[in-house]
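# Architecture and fold: a report
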Amino acid sequence: MIKSFSSVFKKYKPVSLFNSSKFFAGDSPYGHVHKPPKVADHIVWINVITDGRYQRLAGFEGETLLTVLQRYNVEGLPATCGGGEDQETPSARPVHPSAIGPMCGACHVIIDKVWYSKLEPPHELETHVIEQHVYEIHATSRLACTIEIEKW
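Bear in mind the structure is a predicted one, so any value in this text is a computation, not a measurement.

The secondary structure content of the protein chain amounts to five helices and four strands. Listing each helix as α and each strand as β along the protein chain from the N terminus yields α-β-β-α-α-β-α-α-β. Buried residues in the protein chain amount to 32% of all 152 residues. Residue pairs in contact within the protein chain that sit at least 24 positions apart in sequence constitute 54% of those at least 6 positions apart. About 11200 Å² of surface is accessible on the protein chain, with carbon and sulfur atoms providing 58% of the total.

Quick look at the structure:
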């Protein structure tokens, strides 16, 4: 039987979390600190100009450019096929031989020369779709469904 609470707690030293800069919410009191990754570490900012209007969009590593543009409802980008048979296939490296890949070409974008040089060269499926459509083709034309967002 416990005689008094004070005798039980004498051997424990009280710790004040409010006066200590060592502990934060979610930290372990055992000495190692585990901090979850920040969302900001995975954001890639994308500059888009449509009809003379400038927008700065936030994308995440691993997404396709088409996914980011559709999330922000960028005008003039219907992308009816949704990037081919699925979002992973057009941006997969290497492209699977039985993949349909990009089909409609409606997600055609023009990439700035500085950024275009940092991208992997377009796959022959992408080049074929771009050449088959009636829009104006530039040296830096690409399909947004085939460009995977990554930090450089």
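That covers the picture; the talk isn't over yet.
We now examine the side chain of His108. Relative to the helices and strands, His108 resides in strand 3 (residues 108–110). Residue classification places His108 among the buried residues on the basis of a relative accessible area of 16%.

With that settled, the discussion passes to the nonpolar core. Core analysis: the biggest nonpolar cluster contains 21 residues, and Leu65, Leu69, Cys107, Val109 and Ala144 have the highest contact counts within it. Broken down by secondary-structure element, the contributors of at least two residues to this core are strand 1 (43–50), helix 2 (65–71) and helix 5 (124–132).

The subject of this paragraph is the state of the cysteines. With the rule as written, the count across this model stands at zero disulfides. Sulfur of Cys107: no disulfide; nearest cysteine sulfur belongs to Cys145 and is 3.7 Å away.

Attention now goes to the pattern of salt bridges. Counted by the stated rule, this structure contains two salt bridges. Of the charged contacts, one joins Glu126 and Arg142 as a salt bridge, the two residues approaching to 2.7 Å between their closest N and O atoms. With Glu126 in helix 5 and Arg142 in strand 4 (residues 141–143), this residue pair connects regions lying 16 residues apart in the sequence. In this structure, Glu126 and Arg142 share a single accessibility class: buried.

Structurally, the position occupied by Thr140 is in the loop between helix 5 and strand 4. Owing to a relative accessible area of 10%, Thr140 belongs among the buried residues under this scheme. There is a polar contact of 2.8 Å between the side chain of Thr140 and the backbone oxygen of Ile111.

Glancing now at helix 5. Within helix 5 the residues assigned to the buried category are Glu126, Val129 and Ile130. Viewed along the axis of helix 5, the buried residues span an arc of 100 degrees, placing them on a single side of the element. Structural note: helix 5 exposes Glu124, Glu131 and Gln132 on the side pointing more than 90 degrees away from its buried face. In the core, the buried residues of helix 5 are packed alongside strand 4.

Taken together, the side chains of Asp41, Glu61, Glu148 and Glu150 present a region of like negative charge at the surface. Relative to the elements of secondary structure, Glu148 occurs in the segment after strand 4.

So, how was this worked out
Residues numbered from 1 in each chain as written. Predicted model: local features only at pLDDT ≥ 70, side-chain atom pairs only at ≥ 80, totals over all residues. Heavy atoms only, no water. Helix = DSSP H or I, 4+ residues; strand = E, 2+ residues; numbered from the N terminus. Buried < 20%, exposed > 50% of the residue type's maximum accessible area, 1.4 Å probe, protein only. Contact = heavy atoms within 4.5 Å. Areas by Shrake-Rupley, 256 points an atom, 1.4 Å probe, with all protein chains shown as cover. Core = buried A, V, L, I, M, F, W, Y, C linked by side-chain atoms within 4.5 Å. Disulfide = S-S within 2.5 Å. Salt bridge = Lys/Arg side-chain N within 4 Å of Asp/Glu carboxyl O. Polar contact = N/O pair within 3.5 Å; in protein donor to acceptor, adjacent residues only side chain to side chain. Arc of directions from axis to C-beta. Patch = residues over 30% accessible without salt bridge, like charges linked within 9 Å, V, L, I, M, F, W, Y side chains within 5 Å. Lys, Arg positive; Asp, Glu negative; His and termini not counted. Charge placed at Lys NZ, Arg CZ, Asp CG, Glu CD.

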